[in-house]
Amino acid sequence: MATNHAEHHDHHEMSFWEKYVFPLDHKIIGLQYLLTGIIMGFLGAYFSYVFRMQLAFPGIDVPLFGLVTSAQYNSLITNHGTIMIFWFAMPILVAGFGNYLIPLMIGADDMVFPKINRLSYQIFLLSVVVLLSSFFVHNGGFGGAWTAYPPLSAKAEYNLTPWGSILWLIAVVLEFVAFLLGGINFITTLMNSRAKGMKMMDIPMVCWMIVLASILFMASAGPLIAGAAMLLFDQTIGTGFFDPARGGDPILWQHLFWFFGHPEVYVVFLPAMGIVAEVITTFSRKKLFAYKVVLFTTFATGILSFFVWAHHQFIAGIDPRLANIFTVTTLLISIPIAEMLFVYIATLWGGAIELTTAMLFALGFLATFLIGGVTGVFLGASGADIYFHDTYFVLAHFHYTFVPIAVIAVFAGLYYWFPKMFGRFMDETLGKIHFWGTMVGFNGIFMPLFFTGAAGDHRRIFDFSNFPELAVSSLQNLRIAATVSVIITAVFQFVFLFNFIYSMFRGRKCTVNNPWKANTLEWFATCPPPHGNFPVMPEVYRGPYEFSVPGRELDYWPQNEKV
Amino acid sequence: MATTQATVSGPLGHSKKGIPSPVLGILIFVVGELMFFSALVSTRIVIKASAGIFAPPQNVKLPVLTTGFNTIVLLLSGIFMAAAGFKHGSERSKSLFAMAIATGVFFLGVQGYEWFNLLHYGMTMTSSVFGATFYLLIGCHALHVILAVLTMLWFYRLYSKDKFGPDGMLALQIYWSFVVLIWPVLYSLVYF
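> Explain the overall build of chain B here, please?
Scanning chain B for helices and strands turns up five helices and zero strands. Scanning chain B from its N terminus toward the C terminus, one meets helices and strands in the order α-α-α-α-α. C-alpha extents for chain B along the principal axes are approximately 65 × 30 × 20 Å. Here chain B holds 192 residues, and 40% of them are scored as buried.

Right, here's the structure in full:
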C-alpha cells in the first residue's frame, strides 16, 4: 500500500508504544530479537552450569539451583540444547542481525513487508512464552533430548514430562513459523529493494550469507514441521506414526528431524561467516579475498548441506550402503568450508591488522571453528562414528562449531555494530578482558571433553559414579576441569553484560557516522539511524570491500561515494 | 497477508525491475510448502513400506469416485482463478474469482462429508497407521484449502472495491495453483 508507506516517512513523533512495543521499524525489531536472544542465551548458559555441576560433583547441592534429580537433569540438557539453537543462535544470528543489517547495508529504508516482520517477532515472543511456561507445568519441561527421538519423546511414560513435551513441540513450531515469515522478508528485501546501482556482486557478504541461510531454512523447515505435527498427534491423541508396534517407523522422525537439522547448522554458520567477513576486512584494511569464490562456495555449501543429514544416524539402524554415501557427502562438505576459511586467512594476509575487540573475536572465531571443523571429519566417517557416536567427543565437536558461531562471532558483530545500534562505543579494555576470559574459558570447557569422550564417556549419563570404568579419577578430574571452566566463562560473560548495559547509556559517544572507516552503506547513516534510515537514499558505485585502493589518499572508499 | 503492503520504493525510487515483491514472497513460501508436502508424501511411502498391513478397516471403502469428481471440481477452481488473473480488473474477472471461491468451498464441503462418513464407519487417526497417514495428508491439504479460501474471500472484498492490484492477484494465483495442483498428487497417492 503506497499510502501506508508514505506515512512511514513522515517521521511524526511516535509514542513509546508505537516505537518499541509494536514497531514496524526493522532496526527496532532486530534489536528486540537480539535482546530476547541474549536473555535466552543467559538462561541456556545457566542450565549448562547446573548440569555441569552435577556431572563434576554428583549429588551436590548446586548453588543457585539445589539438588539435581535425574528427571530435572534430562529437562535441563534438553532445554539447554533447544534454547541455545532455536532461541539463542537463530534469533540473534539470522533474525537479529538480519533485520538490523540487511535494509541498512543494501540502502533500503525498511523491509519489504514491515507488518509481516512485526508479526514474525510477535510469534517468536509467543514461542518464548510457551517454552518458558513449559518449565512450570506438572513434571516440568520436556526431558527427551533436544532431538526429540521417539519413542522417548512420543510417550509420556518414557520421558516423564507429559505436558512439557507438548508445550516444547508447540513452542518449536511457533518459532519456526516466526522465522519462515522473517525469511520471506529477508530474501524479498535483498532481491527487490537494493539501493540504486547495487549489483549482485556489490552486496556485502553478511547480507548474502543471511539470505542464503534463510533460503536453506525455508527449504528445510517444512519436513520438521510435518514431523512435529505427527509427533504431536502421537503424544496427544495416540496415533502410531512413530510406533513400530503399530506399523509406524521411529527412524522416520530422525530423517525428518535431521533433514532439517543439518541444513540448520549452516543456517547459523553462514551468518556468522558473514559477520566475520565484514569485521576482518574492515580491521585488516584489505579487500575480501576472492568475493565471488566465497559466494559460490556458499552456494555449494548450501546445496550440499541437504545431502548429509543421515550422518547423524549411522548407528540408528540405517542401511550401511546408505551410510557409505552419506560419509562421502559429509566429507565433501568439509571442502567448501575449508576453502572459506582459507579465503579468510588470505584476506588477513599482509593486511594492516588492528586488534580491536571485534577483530579479536573474529580471529577467535576462525581459530576455534577450525578445531570444530577438523574434529567433524572423524565423525563424518561412518567407521569412526560407530565408536564416537553419542560420546562427549561428539558433544565437544559440535560445541566447537556452535560456540564460535553463536557466541564468538556474535560478540564480534555486537562489538562492531554497537556504535551503529546505540550511538555509543563499548569499552575496549573491558571488551578485551571479556575476549580473553571467554576464549580461555571456552577452550577449557571443551578441550577436556574430547578426551573424556574418546575414553568412552557417553553423553546421556546423569551420574558417572554408577559406571566403575568411567568413574576413575583421571576422567573425573577432566570433568571437573570442564565444569570449573564453565564457571570461569560465565563470570566473564557478566563483564560483557555490564559493558553492554553500561555502554548503552554511558559509553563514549560515537560522534561520526563511520567510526571504523568501513565502506558499507550502514555507516553512511547516522549513529543510531533514525526511522527511515538515511537522510538521502544512497546510490552505490562500487563493491563493499574497496580498502587500500592504490592511488587513493584514503584507505577506504565507501560504496556510496561518487568519486 | 504479503500482498497488502507491497511497496519498496524509497524517496528516490529503487529499481522496479525483476519479480514484484508479493510474487517473489509467495514463491519462496511455496518452496517451503512444497518441502512440507514432500515430507508428508515421503512419510506415507515410508510407513506404507514398513507397516505390513496397510489398508483401511475391513468394512470401509474409500470414496474413490466421489473424490475423483471432487478433484475435477478443484482443478476447475484453479482454472477459474487463472482466468480471473488474465482478465484482471474486468467485471468478468470478478465473477470468475467468485466462481473459483465457490468451487473451492464446494470441494471443502464434499471433503467434509466424506470425512464424516469415514469417521462414522470407524476409520480414525488412531485406528491404524493407514488412517493416521490418510487424515494427516488429506487434513493438511484441507487446512491449506481452508486458509486459501478465507484469504481469497478477504481479497475478493478488496477486489470488488478495486483495491486489489495485479501483483497481489498473481501472488494469490500462484498460491492457489499450488494448493490445487498438489491435490491430484495426494489423491493418487492416498486413494489408490
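Now that the structure is up, let's keep going.
> I keep staring at helix α8 (residues 205–236) of chain A and nothing clicks. Help me out?
Two residues of an α-helix separated by three or four positions point the same way, owing to the 3.6 residues in each turn. All names here are of chain A. If you check α8, its first and last C-alpha atoms are 45 Å apart, about what 32 residues at 1.5 Å a residue would give, namely 46 Å. Residue Ala221 marks the point of greatest curvature in α8, where the axis turns by about 35°; the proline Pro223 follows within four residues. The first or second residue beyond α8 is Gly238, which carries a positive phi of 80°.

> Looking at this structure, how should I read the interface of chain A and chain B?
Interface size is commonly expressed as the accessible area that is lost once the parts come together. Tallying the contact residues gives 43 residues for chain A and 38 residues for chain B. For the side of chain A that touches chain B, the secondary structure elements donating two or more residues are α1 (2–8), α5 (114–133), α7 (162–192), α8 and α9 (250–284) of chain A. The element best represented in the side of chain A that touches chain B is α8 of chain A, accounting for eleven residues. Broken down by class, the residue content of the side of chain A that touches chain B amounts to 24 nonpolar, 13 polar and six charged.

> Explain the packing of helix α4 (residues 129–160) of chain B against helix α5 (residues 166–191) of chain B here, please?
A pair of packed helices is characterised by two quantities: the angle between their axes and the separation of those axes. Residues and elements named next belong to chain B. Viewed as axis vectors pointing N to C, α4 and α5 meet at an angle of 160°, and their least axial separation amounts to 10 Å. Overall, the two elements α4 and α5 adopt an arrangement that is roughly antiparallel. With respect to the hand of their crossing, α4 and α5 are arranged in left-handed fashion. For the pair formed by α4 and α5, the contact residues are Phe134, Leu137, Ile138, His141, His144, Val145, Ala148, Met152 and Phe155 on the first element and Gly168, Leu172, Tyr175, Trp176, Val179, Ile182, Trp183, Leu186 and Val190 on the second. By residue class, the composition of the contact of α4 with α5 is 15 nonpolar, three polar and no charged.

> Please clarify how unusual backbone geometry should be interpreted in this entry.
Negative phi characterises most residues that are not glycine, and trans characterises most peptide bonds. Residues and elements named next belong to chain A. Backbone torsion omega between Pro150 and Pro151 reads 5°, so that peptide bond is classified as cis. A cis amide bond links Cys527 with the next residue in sequence, Pro528, at an omega value of -15°. Turning to its location among the elements, Pro528 is positioned in the segment after α16 (473–506). Located in the positive-phi region is Ser548, a residue other than glycine, with phi close to 50°.

> So what exactly am I meant to see when it comes to the nonpolar core here?
Side chains of nonpolar character tend, in soluble globular proteins, to be buried together. Residues Ala89, Cys207, Val276, Ala406 and Ala412 of chain A are the most contacted members of the largest nonpolar core, which totals 223 residues. The element best represented in this core is α8 of chain A, accounting for 23 residues.

> Any chance you could explain the packing of helix α12 (residues 357–380) of chain A against helix α15 (residues 428–454) of chain A here in plain terms?
All names here are of chain A. At a minimum axis distance of 10 Å, the contact between α12 and α15 shows a crossing angle of 10°. As the angle between them shows, α12 and α15 are arranged roughly parallel. Of α15, the residues touching α12 (which contributes Thr357, Leu360, Phe361, Gly364 and Thr375) are Glu428, Gly431, Lys432, Phe435, Met439 and Phe450. Taken together, the residues of the contact of α12 with α15 sort by class into five nonpolar, four polar and two charged.

Criteria and cut-off values
- Each chain has its residues counted from 1, running along the sequence as written.
- Each chain takes a letter, starting from A, and each ligand takes a number, starting from 1, following the order in which they are written.
- Local features in a predicted model are, by the rule used here, given only for residues with pLDDT of at least 70; side-chain atom pairs are given and counted only at 80 or more, and totals for whole chains, interfaces and linings are based on all residues.
- Labels follow the DSSP assignment, with helices taken as runs of H or I lasting at least four residues and strands as runs of E lasting at least two, numbered in each case from the N terminus.
- Here a residue counts as buried when 20 or more other C-beta atoms sit within 10 Å of its C-beta, as exposed when there are 12 or fewer, and as partly exposed otherwise, the C-beta atoms being derived from the backbone.
- One fewer than the residue count of a helix, multiplied by 1.5 Å, yields its expected span.
- Note that the bend at a residue is defined as the angle between axes fitted to the seven residues ending at it and the seven residues starting at it.
- With C-beta atoms placed from the backbone, a contact is any residue pair whose C-beta atoms sit within 7 Å.
- Each residue is assigned to one class: nonpolar for Ala, Val, Leu, Ile, Met, Phe, Trp, Tyr, Cys and Pro, charged for Asp, Glu, Lys and Arg, and polar for all the others, Gly among them.
- Structural elements are reduced to axes, namely lines fitted to C-alpha atoms, with helices fitted over the stretch in contact, and the angle between N-to-C directions of any two is expressed from 0 to 180 degrees.
- Reported orientations rely on four angle classes, namely roughly parallel under 35 degrees, roughly antiparallel over 145, roughly perpendicular from 65 to 115, and oblique for the rest.
- Note on convention: the crossing is left-handed when the near helix lies turned anticlockwise from the far helix by less than a right angle, right-handed when the turn is clockwise.
- Throughout this description, the term nonpolar core refers to a group of buried Ala, Val, Leu, Ile, Met, Phe, Trp, Tyr and Cys residues whose C-beta atoms join them within 7 Å.

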